[in-house]
Amino acid sequence: MHAVVLLKQILDWELPPSTFRIDPETKRPPDGIGPTLLGPFEQNALELALQLKDAGVVDRITALLAGPADGVDALRKALALRCDEAVHVEVDADDAIDPSQTAELLLAGIRRLEPAELVLAGRQAGDWDHGQVGYLVAERLGRPAVGLVWRAEQRDDGRLLVSRSGNGVDEQLAVRPPAVLTVTSHPSLQLRMGSVMDRMAANRKPITRWTLDELGLSREQLDAARRVEFTEVWVPQVERHCELIEGEDPAEVTAALLGRLEELKLLTRPA
Amino acid sequence: MIVVARWDAASLGAATRELLGAAARLGAALDDEVALVSLGAAGAKAAEEAGCYGAAQVFVVEGDLAASGNEASLAALAELARELGASAVLLPADERSAEIAPRLAERLGGAAVMHATGIDVSEGRVVWTRPVFGGRALAAISAAAEPVVATLRRGAFEAAAATGGPAAAVSTCQVPTVDGAVELIASEAPQAGESLEDAKVIVSGGAGIGNGDGFAELEELARLLGGAVGASLAAVDAGWAPPDRQVGLTGKAVSPDVYFALGISGASQHLAGIGGAKAVVAVNTDPNAPIFSAARLGVVMDCHAFVASMIEQLRGARQ
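Not measured: the values here are computed from a predicted model. (Residues numbered from 1 in each chain as written. Chains lettered and ligands numbered in written order. Predicted model: local features only at pLDDT ≥ 70, side-chain atom pairs only at ≥ 80, totals over all residues.)

Enquirer: Tell me about the pairing of strand β10 (residues 179-183) of chain A, and please be specific about residues and values.
Expert: Residues and elements named next belong to chain A. Counting buried residues in β10 gives five out of five residues, a clear majority hidden from the surface. Judged by which residues are buried, β10 turns out to be covered on both faces: Ala-179, Leu-181 and Val-183 on one side and Val-180 and Thr-182 on the other are all buried. Bridge analysis of strand β6 (residues 118-122) against β10 gives five bridges, and the strand direction is parallel. Within the sheet, the bridge partner assigned to Leu-118 lies in β10 and is Ala-179. Two strands pair when backbone bridges link them, and strand β7 (residues 145-154) and β10 are joined in this way by three bridges, in the parallel orientation. Bridged to Ala-145 within β10 is Val-180. (Buried ≥ 20, exposed ≤ 12 C-beta atoms within 10 Å, placed from the backbone. Helix = DSSP H or I, 4+ residues; strand = E, 2+ residues; numbered from the N terminus. Pairing = 2+ DSSP bridges.)

Below is the structure:
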């Protein structure tokens, strides 16, 4: 089975709030305010693909990314972990914000690749947090999708048996490929490290680059795919003053804390 | 305009009333009626109440919705939205909606807005607010396609008040047949405990709790406070708490009245999940931990001593 993993390189999500800012003109963080990394859920999706390859369910993994030039780092990482192919649809950062446009770009890439029985996406990009791209790709390919998956294996009947959480209920679903899965975080899906040798080898492996033209996508088509307009993006100024509760011993502190919470009408002590 | 009742709603809970509250404001501004859709016959009672909270029409979808994962629910909603010519579909921001909303928007040729925390209408144009970058920024978004399928974050919208209006006209429809590409094999509820999204009080533990036994103490404290137990990524990674309890960017976004952060340092990843809390109470031995800058109230103390003392106080109050 050929699996395509959709990747995204994003601004470090642990960047301290003191450093984080939004350029009101471009409506996004200025380039270079922090390191960029392979997104957290894309790491989970990649790990799930690798586990399926270890299990012999998947025999070939293509890492696909649509985004600006720094996306190469994510693709190198994928190659270092023994993905078979890496494809970069290179676009401006502004073209990869609207989830429908991003889906359109990835879709053009998927259609150009050899047919994939499985597409894996992170449950949401860790920057814009839309949580839509995987599902839009599924709908536009006319394929079933299962979201928030954290485990997958193949059943004897060829279907994939996937585990996911649905409103606090653990579910197991059988999905007939070709299908799209969005992958969520789980302790079992922490991305493996890979070896130094493989990392070095990855630097010599080719990354396929496709432009809009090469994918047969026009500027007009991409603009027409836009579904939302960002009218404004800003960092809310929240003045927080932490009031420290002190006392001679724990009992005095917790009594004072409970009293304060009641005063603030945040807590009603059980009668 | 369609409001989708919470999936498990046997009666109109606060979550659905919040959706109806948002729908009423939106409906008034856009001169649009509100229809409530209840997925599953269990919602029949909720349907009866809906008229009193502003719904003009109620649709109860009957049949086996669970057997195909979310496929049948999705097909049913798409059918109803088309039939009614819905201008917007509002859903609760939960795990099922995470899968349904974008796909529904695509099937209807519209736009999805996920985890909205605000709605403004000016001159007939709707602007949605939602957190981005793990809650470090907010984005104002307007849709370039109709209808809008929006999921609304719990606690962000005022619940509809009872109007004493007439009962809504209730129609039932049968669940549509879907192609069987997805089949539910097993479903198992994880350990009981109030859902994090609904909890008014959350007692959350991090690396500072030190071990799994510490979480048993948190359970007791949460029980006494009538709340739920949450956990940081570090605590889940350590195996002290199950993954479905994780709060943060890679876990759940919560909006309780009080969020006790015990032994949680306050990494951005965690803060991303607690922006909706009315007040954070930080308890940490390190007075310089970043969690204090996100907290309303703070206690510099060992978590175990804190939890033990809290339990004592609350038990004392009960006697």
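Enquirer: Can you lay out the environment of Leu-50 of chain A for me, pointing to particular residues and giving the numbers?
Expert: All names here are of chain A. You can see Leu-50 is positioned in helix α1 (residues 40-54). In this structure, the C-alpha to C-alpha distance between Leu-50 and Ala-78, residues 28 residues apart in sequence, is 9.7 Å. Apart from the residues lying within four places of it in its own chain, the contact partners of Leu-50 are Leu-81 and Arg-192. (Contact = placed C-beta atoms within 7 Å.)

Enquirer: Please give an account of the domain arrangement of chain B that cites residues and values.
Expert: All names here are of chain B. Domains assigned within chain B are domain 1 (2-174) and domain 2 (201-318). Just the C-alpha atoms count here: the centres of domain 1 and domain 2 sit 32 Å apart. Counting from both sides, the interface comprises seven residues of domain 1 and, opposite them, eight residues of domain 2. Partitioning the side of domain 1 that touches domain 2 into residue classes produces two nonpolar, three polar and two charged. (Domains from an automatic or database assignment. Nonpolar A, V, L, I, M, F, W, Y, C, P; charged D, E, K, R; others polar.)

Enquirer: Kindly report on the packing of helix α3 (residues 99-112) of chain A against helix α4 (residues 133-141) of chain A, identifying the contributing residues and their values.
Expert: Residue and element names in this part refer to chain A. Viewed as axis vectors pointing N to C, α3 and α4 meet at an angle of 55 degrees, and their least axial separation amounts to 9 Å. Here α4 runs oblique to α3, going by the angle between their axes. Crossing handedness for the pair α3 and α4: right-handed. In this structure, α3 contributes Pro-99, Ser-100, Thr-102, Ala-103, Leu-106 and Leu-107 to the contact, and α4 contributes Val-133, Leu-136, Val-137 and Arg-140. Counted by class, the contact of α3 with α4 contains seven nonpolar, two polar and one charged residues. (Axes fitted to C-alpha atoms, helices over the stretch in contact; angles between N-to-C directions. Parallel < 35°, antiparallel > 145°, perpendicular 65-115°, else oblique. Left-handed = near helix turned anticlockwise from the far one by under 90°.)

Enquirer: Before we move on, can you summarise the domain arrangement of chain A with the specific residues and values?
Expert: As assigned here, chain A comprises domain 1 (2-224) and domain 2 (241-271). For domain 1 of chain A and domain 2 of chain A, the distance between their C-alpha centroids amounts to 46 Å.

Enquirer: Explain the interface of chain B and chain A to me, using residue names and the numbers behind them.
Expert: Listed per partner, the contact involves 78 residues of chain B and 69 residues of chain A. No other element matches the eight residues that helix α4 (residues 95-107) of chain B contributes to the side of chain B that touches chain A. Residues that form the side of chain B that touches chain A fall into these classes: 47 nonpolar, 13 polar and 18 charged. Alignment of strand β12 (residues 228-234) of chain A against strand β8 (residues 137-143) of chain B, held across six bridges, turns out to be antiparallel. Across the sheet, residue Val-228 of chain A finds its bridge partner in β8 of chain B, namely Ala-143 of chain B.

Enquirer: Requested: an account of the nonpolar core, with residues and values cited.
Expert: In terms of nonpolar packing, the biggest core is built from 200 residues, with Val-5 and Leu-120 of chain A touching the most fellow members. When residues no more than four places from it in sequence are discounted, the contact partners of Val-5 of chain A are Ala-45, Leu-46, Ala-49, Ile-61, Ala-63, Leu-64 and Leu-120 of chain A. (Core = buried A, V, L, I, M, F, W, Y, C linked by C-beta atoms within 7 Å.)

Enquirer: Explain the pairing of strand β2 (residues 35-39) of chain B residue by residue, including any values.
Expert: Residue and element names in this part refer to chain B. Most of β2 sits inside the fold, with five of its five residues counted as buried. Where strand β1 (residues 2-4) and β2 come together, three bridges link them in parallel fashion. By the bridge assignment for β2, Val-3 is matched with Leu-36. Pairing of β2 with strand β3 (residues 57-62), which is carried by five bridges, proceeds in the parallel orientation. Note on β3: the bridge partner recorded for Leu-36 is Val-58.

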